[in-house]
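Listed below, chain by chain, are the residues.
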Amino acid sequence: MPATLQTALDYRVLMTGEETPAEYSGDRLDARETCALLEQGGILYFPKTPFTLAPEEGAFLLNQRQADSGRHKNISYKAAQHKISGAHTDDTSTLYRIMEDYCRQTGQFIDTFLSPYKGHWELDYGSFRPLEEKNRAMRLRARNDLLHVDSFPTRATGGKRILRVFTNISPDILRIWNTSETFEQLLDRFQSQMKPPKTSWLSTRPAYDRWMMQFHNHLKENRRFQERGLKNRWEFPPGSSWLVYTDFVSHAVLSGQYALEQTFLIDQTHQVMPEKAPINLLASAYR
Ligand SMILES: O=C(O)CCC(=O)C(=O)O
Ligand SMILES: [Fe+2]
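The structure displayed is predicted, hence computed values, not measured ones.

## Details of helix α2 (residues 31-39)
Owing to its 3.6 residues per turn, the α-helix brings residues three or four apart onto one side.
Then comes step 1: Regarding α2, the residues found buried are Thr34, Cys35, Leu37, Leu38 and Glu39.
Then comes step 2: Close packing links the buried residues of α2 with β1 (12-15), β2 (23-25), β3 (42-46) and β12 (241-245).
Then comes step 3: At the exit of α2 stands Gly41, carrying a positive phi of roughly 105°.

## Notes on the packing of helix α5 (residues 183-190) against helix α8 (residues 278-285)
Then comes step 1: The interhelical angle for the contact between α5 and α8, taken along N-to-C directions, is 30°, at an axis separation of 10 Å. One element, α5, and the other, α8, form an angle in the roughly parallel class. The handedness of the crossing between α5 and α8 comes out as right-handed. Residues Phe183, Glu184 and Leu187 of α5 form the contact with α8, whose participating residues are Pro278, Leu281 and Ala285.
Then comes step 2: Classifying every residue of the contact of α5 with α8 gives 5 nonpolar, no polar and 1 charged.

## Remarks on the nonpolar core
Then comes step 1: With 60 residues, the main nonpolar core has Ile43, Leu44, Ile110, Trp242, Leu243 and Tyr245 as its most contacted residues.
Then comes step 2: Among the elements that take part in this core, helix α4 (residues 92-113) stands out by supplying 7 residues, more than any other.
Then comes step 3: Those residues in contact with Tyr245 that sit more than four places away from it in its chain are Leu38, Glu39, Arg161, Ile162 and Leu163.

## Quick notes on the sheet that holds β2
Then comes step 1: The antiparallel open sheet is built from 9 strands, whose spatial order is β2-β1-β3-β12-β9-β14-β8-β5-β6. On the outer flanks of this sheet lie β2 and β6 (83-85), each paired with one strand and no other. Here the strands of the sheet are splayed against their neighbours by 20° on average, with no regard to which way each runs.
Then comes step 2: Pairing between strand β9 (residues 161-168) and strand β14 (residues 259-266): 8 bridges, direction antiparallel. Opposite Arg161, over in β14, you have Ile266 as the bridge partner.

## Considering the site of ligand 1
Then comes step 1: Arg129, Asn144, Asp150, Phe166, Arg175, Thr246, His251, Val253 and Ala259 make up every residue found near ligand 1.
Then comes step 2: Taken together, the residues of the shell around ligand 1 break down into 3 nonpolar, 3 polar and 3 charged.

## Comments concerning the pairing of strand β5 (residues 75-78)
Then comes step 1: Only one face of β5 is covered, namely the one carrying Ile75 and Tyr77; the face carrying Ser76 and Lys78 has none of its residues buried.
Then comes step 2: The sheet contact formed by β5 and β6 spans 3 bridges and is antiparallel. Bridging from a neighbouring strand, Ser76 pairs with Ser85 of β6.
Then comes step 3: Linking β5 to β6, which pair antiparallel, is a turn of 4 residues; within it His82 sits at a positive phi near 50°.

Parameters at a glance
- Residues numbered from 1 in each chain as written.
- Chains lettered and ligands numbered in written order.
- Predicted model: local features only at pLDDT ≥ 70, side-chain atom pairs only at ≥ 80, totals over all residues.
- Buried ≥ 20, exposed ≤ 12 C-beta atoms within 10 Å, placed from the backbone.
- Helix = DSSP H or I, 4+ residues; strand = E, 2+ residues; numbered from the N terminus.
- Contact = placed C-beta atoms within 7 Å.
- Axes fitted to C-alpha atoms, helices over the stretch in contact; angles between N-to-C directions.
- Parallel < 35°, antiparallel > 145°, perpendicular 65-115°, else oblique.
- Left-handed = near helix turned anticlockwise from the far one by under 90°.
- Nonpolar A, V, L, I, M, F, W, Y, C, P; charged D, E, K, R; others polar.
- Core = buried A, V, L, I, M, F, W, Y, C linked by C-beta atoms within 7 Å.
- Pairing = 2+ DSSP bridges.
- Near = placed C-beta within 6 Å.

Now the structure itself:
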């Protein structure tokens, strides 16, 4: 990836958590400033994706079927286990190769474009999302059309930040999100309704993940918040990509089909603004 990429790419940072979202043009930002905005609830948005997907790879993905959508939310790429799950295909190796390549490209991109994070992330799962998101039948706590901040029931992060890279690979359909207030604002708003974490929680990292899971559920189960909370609507067109800290930006996907996504866990001690990391906000809130 050429060193000049940062200036050559058209991108903006769209701030969430505000009635009238601020927007920052990429040509005025350096890598550190871009990271700082992301960490404060920005969506780093590329109208034209910086990732390459060959036409035959795109066509292959659009032909994929997902296995049993009740059991698998998406098709998952598990880099550490060299494995794909949830796919229903007779060509797992092509699917694996495409998702592995997206994972490689997005990781390289973070190292060059978001250079303060270089070498300070680990890979989590990637996914391919072939199903139409509108009106998906799912258990309430699994629904992604309800506003939430991410917490994974199957994988503890221990306080690491969740950075996700999305690409809309649909040839013709927008992917539409709502976002609401940031984790920082929501913690302030709902802290009194939450059970405090166990007092020893900072030394026992699983307590962080337990609290975050409960908060995720609390938001999804809160009808008043879902109906009347702040909402900003975002339309991500075909061929666009966006990066977002989904443990901080509350979000819901309203509609769209065919997205690629890769998740990175970023060590919070290497954040530009570590004080915004949920684990540190929680430590101050429950001091
Ligand atoms: O698929 C999307 O656009 C986002 C879904 C979501 O909220 C999630 O996977 O946590
Ligand atoms: Fe989510």
